[in-house]
Amino acid sequence: MISTDIKKLDAKIPAGPLAEKWENYKGHVPLVSANNKRRIDVIIVGTGLAGASAAASLGELGYNVKVFTFHDSPRRAHSIAAQGGINAAKNYRNDGDSVYRLFYDTIKGGDYRAREANVYRLAEVSVNIIDQCVAQGVPFARDYGGLLDNRSFGGTLVSRTFYARGQTGQQLLIGAYQALCRQVALGSVKLYNRHEMLDVVIVDGKCRGIIARNLLTGQLERHSAHAVVLCTGGYGNVFYLSTNAMLCNVTAAWRAHRRGAFFGNPCFTQIHPTCIPVSGDYQSKLTLMSESLRNDGRCWVPKDPADTKKHPNEIPEEARDYYLERRYPSFGNLVPRDIASRAAKAECDAGKGVGPTGLAVYLDFADAIKRYGRDTIAARYGNLFEMYEKITGDNPYEVPMRIYPAVHYTMGGLWVDYELMTTVPGLYAAGEANFSDHGANRLGASALMQGLADGYFVLPYTIGAYLSKEIRTGPIPTNLPEFERTEKEVADRIHRLMSIGGHESAESFHRRLGKIMWDKCGMARNEKGLKEAIGEIRTLREEFWKNLYVPGRSDEFNPELEKAWRVADFLELGELMCIDALHRNESCGGHFREEYQTADGEALRDDNNYKYVAAWEWSGEGAQPVLHKEPLIYEEVEIAQRSYK
């Protein structure tokens, strides 16, 4: 039985009308004076869009910042892989967009499982992000007249997505990286590359630093600060096969969770509908094809299952089923990701899937090429088409792409309040590492928006509310007993991993975990499967700690040791995800319980019983986690059954 407590969560949402909360907050939040900021140390873990922008902003303000990345360069952060664009409610197309409409689309797209105040702030701040990035030199696409161009993404009826061909994340990260490098050169930010955070240090109930491992030497290091900000991305790699880079992991967030930070909505994971299908058991990751392709590409399958083995160009128009356009005439191919993914799965389950495995649908650009010309389509998506052809050998200008859903983004993450602080004082989480803005399904082009909003415009204000009380604290020494104890616990865990001496690699355990998660906690879940998954994960975890083999030594560069630590954390997270999915007896967004669906196969929410954030508290090894609930109160949005028809 799940233990429940609703008393500990204070979201710190400001009073007043929704549209005035953020301005009122900024006008009354405690500040740290310029002369006092140099007395304050801040650690930032992660150098993606959220981490790089936060480090650059806090360094510019005058704080002493240490920023950590396990990459050789901040530019290798996974934000670079976000291709399609970034949302902002600037209404350049004069097509009816507004801050409120972006707010509403985000709440609706998340199936009414996000916090109103945070989402409205995100929409409000979005209009400043584009100006910031243009000033940094980000080469956004422009129309014939030289103005910034926009395109559409799923779940909206307006064009609000700014883009740089199919390289938006890369260009935005370069902008943030340049701002970060400027602060590194000025000395306000100290960069630690090839370092991985393995634990947070709690002193007198406050987060006061981290234990990091130098990945080149294996040495454990203590680093202290008055506040720590985790900008470490999501945990989609718990499924093994995902669109995430292979190094993406949950360790930083999970270590914080074990130290007292609640984990919010862990089962809310996003399946992206536009990925290159799995081609064999040898694969270690999947490749995302940007959602922007659905602006001009049309999804279809053969009407007759007997045609699935035919070449797509041999199937006449009347024998094709453009199933998204048929089922969702208002939004067509630009329905939200969770809906498009389930629709593709339904067609494949009905025997209409194409390709060698039967687990794919077509994304066809023939009509767009005929309408606009090949050169125009090449200008919009050329690099994406080139990438697809290199991977599959097919030319998308001549043959429809084959796509299938895959794990992509995680809406769950560390629970944070309005100020982005976790339940551990002094410990913050920004970007995909927190749960706060997307509910049960993230709209496309909103990940980059959230990362930059948190780093450039939100955290620089909110962290001051906490740090204003730390001016007289002075430097935090690293010889405190709490640092010594935490470092020893990290060293003991490393020794335990190295000394198991089994016969199976961490990669092998990871692959087995991923299959359990995908089969029983993936695109669709049910009570029977989730209960089986929990038992199977527990058995697999026991085997991991008995039969793992890690070659090499711990006092040297050892990628296998890094992998083993991360897989150990995934094995614990996977169980919590299944527990969360099992307790939520409804379907909403990316959480699709097969027992709870409408007559036509859409998600069926239970607002009377599950309109809350599920925030889980760690209770110790082998103990049942404790569920805390943050009720979701909607004052501006009228809750309704989500419809894109």
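Please refer to the structure placed before this passage.
Residues numbered from 1 in each chain as written. Predicted model: local features only at pLDDT ≥ 70, side-chain atom pairs only at ≥ 80, totals over all residues. Heavy atoms only, no water.

Caption draft 1: Looking closely at the layout of surface pockets. By volume, the second largest pocket is sized at about 710 Å³. Listed by contribution, the elements that provide at least two residues to the lining of the second largest pocket are helix 9 (337-352), strand 16 (401-410) and helix 14 (506-521). Counting residues per element, the lining of the second largest pocket draws most heavily on helix 14, at five residues. Within the lining of the second largest pocket, the residues separate by chemical class into 15 nonpolar, five polar and seven charged. (1 Å grid on protein atoms, 1.4 Å probe; cavity = no way out; pocket = protein on both sides within 12 Å on 5 of 7 lines; lining within 4 Å. Points joined across faces, edges and corners; volume = space filled by probe spheres on them. Helix = DSSP H or I, 4+ residues; strand = E, 2+ residues; numbered from the N terminus. Nonpolar A, V, L, I, M, F, W, Y, C, P; charged D, E, K, R; others polar.)

Caption draft 2: Geometry of the environment of Ile-377. Take Ile-377: it is sitting in helix 11 (residues 374-392). A residue is classified by how much of its surface remains accessible, and Ile-377, at 0% relative accessible area, is buried. Put simply, Ile-377 and Phe-365 are twelve residues apart on the chain and 8.6 Å apart in space, counted from C-alpha to C-alpha. (Buried < 20%, exposed > 50% of the residue type's maximum accessible area, 1.4 Å probe, protein only.)

Caption draft 3: Seen up close, empty space enclosed by the protein. Inspection of the entire model under this criterion finds seven cavities of 30 Å³ or more. Of the voids in this model, the largest cavity is the one considered here, and its volume is about 70 Å³. What lines the largest cavity is simply Thr-269, Gln-270, Ile-271, Asp-338, Ser-341, Arg-342, Asn-441, Met-523 and Gly-590. Secondary structure elements with two or more residues in the lining of the largest cavity: strand 12 (269-275) and helix 9. When grouped by side-chain class, the residues that make up the lining of the largest cavity number two nonpolar, five polar and two charged.

Caption draft 4: Main features of the sheet that holds strand 9 (residues 220-224). One open sheet holds the three strands; their spatial order is 7-8-9, and the pairing between them is antiparallel. Edge positions in the sheet fall to strand 7 (195-203) and strand 9, since each of these pairs with one other strand and no more. Neighbour to neighbour, the strand axes of the sheet diverge by 30° on average, direction disregarded. Relative to strand 8 (residues 206-214), strand 7 runs antiparallel, the two being bridged by eight bridges. The residue of strand 8 that forms the bridge with His-195 is Asn-214. (Pairing = 2+ DSSP bridges. Axes fitted to C-alpha atoms, helices over the stretch in contact; angles between N-to-C directions.)

Caption draft 5: Geometry of the pattern of salt bridges. In the structure shown here, the tally under the stated rule is 58 salt bridges. The partner of Glu-23 in a salt bridge is Lys-26, with the nearest N and O atoms 3.1 Å apart. Of the two residues, Glu-23 and Lys-26 both sit in helix 1 (residues 21-28), three residues apart, roughly one turn of that helix. Here Arg-605 makes a salt bridge to Asp-607, at a shortest N to O gap of 2.9 Å. Accessibility expressed as a relative area gives 11% for Arg-605, which makes it buried. (Salt bridge = Lys/Arg side-chain N within 4 Å of Asp/Glu carboxyl O.)

Caption draft 6: Fine view of the pairing of strand 2 (residues 41-45). Burial analysis of strand 2 places four of its five residues in the buried class, which makes it a mostly covered element. Bridge analysis of strand 2 against strand 3 (residues 64-68) gives five bridges, and the strand direction is parallel. Opposite Ile-43, over in strand 3, you have Lys-66 as the bridge partner. In this fold, strand 2 hands off to helix 3 (residues 49-61), which returns the chain to strand 3; that crossover is right-handed. With four bridges joining them, strand 2 and strand 10 (residues 227-230) adopt parallel strand pairing. If you follow Val-42 over to strand 10, its bridge partner there is Ala-227. (Right-handed = clockwise from strand over helix to strand, strands pointing away.)

Caption draft 7: Expanded view of the packing of aromatic side chains. Overall, the coordinates contain 26 aromatic pairs when judged by the stated rule. Between Tyr-100 and Phe-103, the aromatic rings sit 5.4 Å apart at their centres with planes inclined by 65°, giving edge-to-face as the arrangement. Taken together, the residues Tyr-100 and Phe-103, both in helix 4 (residues 99-109) and three residues apart, mark about one turn of the helix. On the basis of an interplanar angle of 65° and a centroid distance of 5.6 Å, the ring pair of Tyr-235 and Phe-263 is categorised as edge-to-face. Taken together, the residues Tyr-235 in the loop between strand 10 and helix 7 (251-258) and Phe-263 in strand 11 (residues 263-264) connect sequence positions 28 residues apart. Residue classification places Phe-263 among the buried positions, given a relative accessible area of 0%. Connected via pairs of aromatic rings, a cluster forms that spans Trp-22, Tyr-25, Tyr-418 and Tyr-461. The cationic tip of Lys-108 hangs over the ring face of Tyr-644; the distance from NZ or CZ to the ring centre is 4.4 Å. (Phe/Tyr/Trp six-rings, centres within 6.5 Å; stacked < 30°, edge-to-face > 60°. Lys NZ or Arg CZ within 6 Å of the ring centre and 35° of its normal.)

Caption draft 8: Inspection of the side chain of Asp-111 at higher detail. Mapping Asp-111 onto the fold places it in the loop between helix 4 and helix 5 (116-135). Classification of Asp-111 as buried rests on a relative accessible area of 1%. With near-sequence residues (within four places) excluded, Asp-111 lies in contact with Ala-440, Ser-587, Cys-588, Gly-589, Ala-603, Arg-605 and Arg-642. (Contact = heavy atoms within 4.5 Å.)

Caption draft 9: Structural detail: the nonpolar core. Counting 187 residues, the largest nonpolar core has Ile-44 and Ile-86 as its most contacted members. For this core, the element with the most residues is helix 16 (residues 559-583), which contributes 14 residues. Beyond its immediate stretch of four places on either side in the chain, Ile-44 contacts Gly-51, Ala-54, Ala-55, Leu-58, Val-65, Lys-66, Val-67, Phe-68, Val-229 and Cys-231. Counting seven residues, the second largest nonpolar core, distinct from the first, contains Trp-300, Ile-315, Ala-319 and Tyr-322. (Core = buried A, V, L, I, M, F, W, Y, C linked by side-chain atoms within 4.5 Å.)

Caption draft 10: Broad picture of the packing of helix 15 (residues 527-547) against helix 16. Across the interface, helix 15 lies against helix 16 with an axial gap of 9 Å and an inter-helix angle of 160°. When the axis of helix 15 is compared with that of helix 16, the two are roughly antiparallel. For the element pair helix 15 and helix 16, the recorded crossing hand is left-handed. Judged by residue contacts, Glu-527, Leu-530, Lys-531, Ala-533, Ile-534, Ile-537, Arg-538, Leu-540, Arg-541, Phe-544 and Trp-545 of helix 15 engage Ala-564, Val-567, Ala-568, Leu-571, Glu-572, Gly-574, Glu-575, Cys-578, Ile-579, Ala-581 and Leu-582 from helix 16. Looking at the contact of helix 15 with helix 16 residue by residue, the class counts come to 15 nonpolar, one polar and six charged. (Parallel < 35°, antiparallel > 145°, perpendicular 65-115°, else oblique. Left-handed = near helix turned anticlockwise from the far one by under 90°.)

Caption draft 11: Seen up close, the pairing of strand 8. Strand 8 sits mainly inside the fold: eight of its nine residues count as buried. Connecting strand 7 to the next strand, strand 8, in antiparallel fashion are two residues, including Asp-204 with a positive phi near 50°. Where strand 8 folds back onto strand 9 in an antiparallel hairpin, the turn is made up of five residues, including Gly-218, whose phi is positive at roughly 80°.

Caption draft 12: A look at the sheet that holds strand 16. Taken together, five strands build an open sheet; the order of strands is 12-16-15-13-14 and the sheet is antiparallel. Both edges of this open sheet fall to strand 12 and strand 14 (320-321), since each of them pairs with a single strand only. Two elements, strand 13 (residues 298-302) and strand 14, share two bridges in a ladder whose sense is antiparallel. Bridging across to strand 14, Val-301 finds its partner in Asp-321. The strands that helix 9 touches are strand 12, strand 13, strand 14, strand 15 (361-364) and strand 16; relative to strand 12, the one it contacts most, it runs at about 65°.

What is shown is where atoms sit, not what they do.
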